[in-house]
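Observations on the model geometry
Spelled out, the chains give:
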Amino acid sequence: RSLLAGLESAQPDLVVLGFVFNDVFFEYLHRPTARQMLDMEPSTYLNHFDAAALPWNLFGRSYLAHTIADRGEVLWKRLLRRPRFSFEQRWDFYLAWKSYGWDRARQLAGEMNALLQEQGIPLVVLVFPVSEQVDRTTRERDEPRVLYPQRRIREICEAHGIPMLDLTAPLERNGGNELFKDYLHLNG
């Protein structure tokens with residue numbers, strides 16, 4: 001509802017939601033600390049398994065349990081000779097590659113779309129890939145795995161009737177990794 005308060009004065013014809021895959025973390029990724037202006041929010045590490053499902057919910061707040069789950073996944077992939085990607089190791093993005101990570105995003109997108117529809121304002125989702133996803137070599141290793149978040153956000157948009165524009169293919173075609181100044185942000 002606070003979204004609508006700001007929109008009433010702006011009276012937009014359209015709302016474009018820029019979606020980046022660290023947005024799957026619906027709570028804050030950073031917090032101020034005594035050491036620095038922004039530091040990692042420790043609770044982001046508590047998503048290496050579905051802490052809401054039985055029996056995992058018994059260990060949901062245990063950093064040790066999540067660390068063991070993460071290391072176990074690494075070991076399991078090595079044993080099966082499956083590729084391991086850097087996005088699976090990034091504390092700010094890995095949840096986008098977990099099926100249960102999308103539950104809250106689905107709910108929030110539906111709520112936002114419904115609130116905007118009440119006001120007659122259309123919503124469009126603009127999906128920004130990370131640099132790894134536009135790298136042909138990385139995608140060739142396991143394209144369905146690398147593009148998993150795009151599939152999930154597309155499913156959510158289709159379920160709510162929200163138009164979506166995915167920038168993955170256009171960025172790959174027009175320079176790929178060279179267009180990024182870092183893992184997420186485009187260069188000049």
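Read on for a plain summary of the structure.

About the criteria used
Residues numbered from 1 in each chain as written. Predicted model: local features only at pLDDT ≥ 70, side-chain atom pairs only at ≥ 80, totals over all residues. Heavy atoms only, no water. Core = buried A, V, L, I, M, F, W, Y, C linked by side-chain atoms within 4.5 Å. Buried < 20%, exposed > 50% of the residue type's maximum accessible area, 1.4 Å probe, protein only. Helix = DSSP H or I, 4+ residues; strand = E, 2+ residues; numbered from the N terminus. Phe/Tyr/Trp six-rings, centres within 6.5 Å; stacked < 30°, edge-to-face > 60°. Lys NZ or Arg CZ within 6 Å of the ring centre and 35° of its normal. Salt bridge = Lys/Arg side-chain N within 4 Å of Asp/Glu carboxyl O. Expected span 1.5 Å × (residues − 1). Contact = heavy atoms within 4.5 Å.

We now examine the nonpolar core. Judged by nonpolar contacts, the single largest core of 34 residues is most densely connected at F21, F93, W102 and I153. Elements with a minimum of two residues in this core: strand 1 (15–20), helix 3 (103–118), strand 4 (123–128) and helix 6 (148–160). Counting five residues, the second largest nonpolar core, distinct from the first, contains V134, L167, L171 and F180.

Inspection of every chain in the model, using the stated rule, returns seven aromatic pairs. For the pair F85 and F87, a centre-to-centre distance of 5.0 Å together with 10 degrees between the ring planes defines the contact as stacked. Joined through ring pairs, the aromatic side chains of F19, F21, F85, F87, W97 and W102 make up one cluster. For the cation-ring pair, R90 lies above Y183, with the distance from its terminal atom to the ring centre recorded as 4.0 Å.

Quick look at the pattern of salt bridges now. Opposite charge on two side chains makes pairing possible when the charged atoms of those side chains draw close. One pass over the structure, following the stated rule, counts 13 salt bridges. A salt bridge links R84 to D70, with the nearest nitrogen and oxygen atoms 3.7 Å apart. With a gap of 14 residues between them, R84 in the loop between helix 2 (63–80) and helix 3 and D70 in helix 2 connect regions that are remote in the sequence. On the basis of relative accessibility, which here comes to 6%, the residue D70 falls in the buried class. In this structure, D92 and R90 form a salt bridge, with 3.1 Å as the shortest nitrogen-oxygen distance. Look at the salt bridges and you will find they share partners, linking D70, R71, K77, R84, E88 and R145 into a network.

To continue, consider unusual backbone geometry. A cis amide bond links L54 with the next residue in sequence, P55, at an omega value of -5 degrees. Along the chain, P55 turns up in the loop between strand 3 (39–40) and helix 2. The backbone of R81 sits at a positive phi, close to 55 degrees, despite the residue not being glycine. Relative accessible area serves as the criterion here: at 76%, R81 is assigned to the exposed category.

Further remarks concern helix 2. Compared with the 26 Å implied by 1.5 Å per residue over 18 residues, the 26 Å span of helix 2 between its first and last C-alpha is a close match. By the burial criterion, the buried members of helix 2 are A65, H66, D70, V74 and K77. At its buried positions, helix 2 is contacted by helix 5 (143–146). In the stretch just after helix 2, R81 is the one whose phi turns positive, near 55 degrees.

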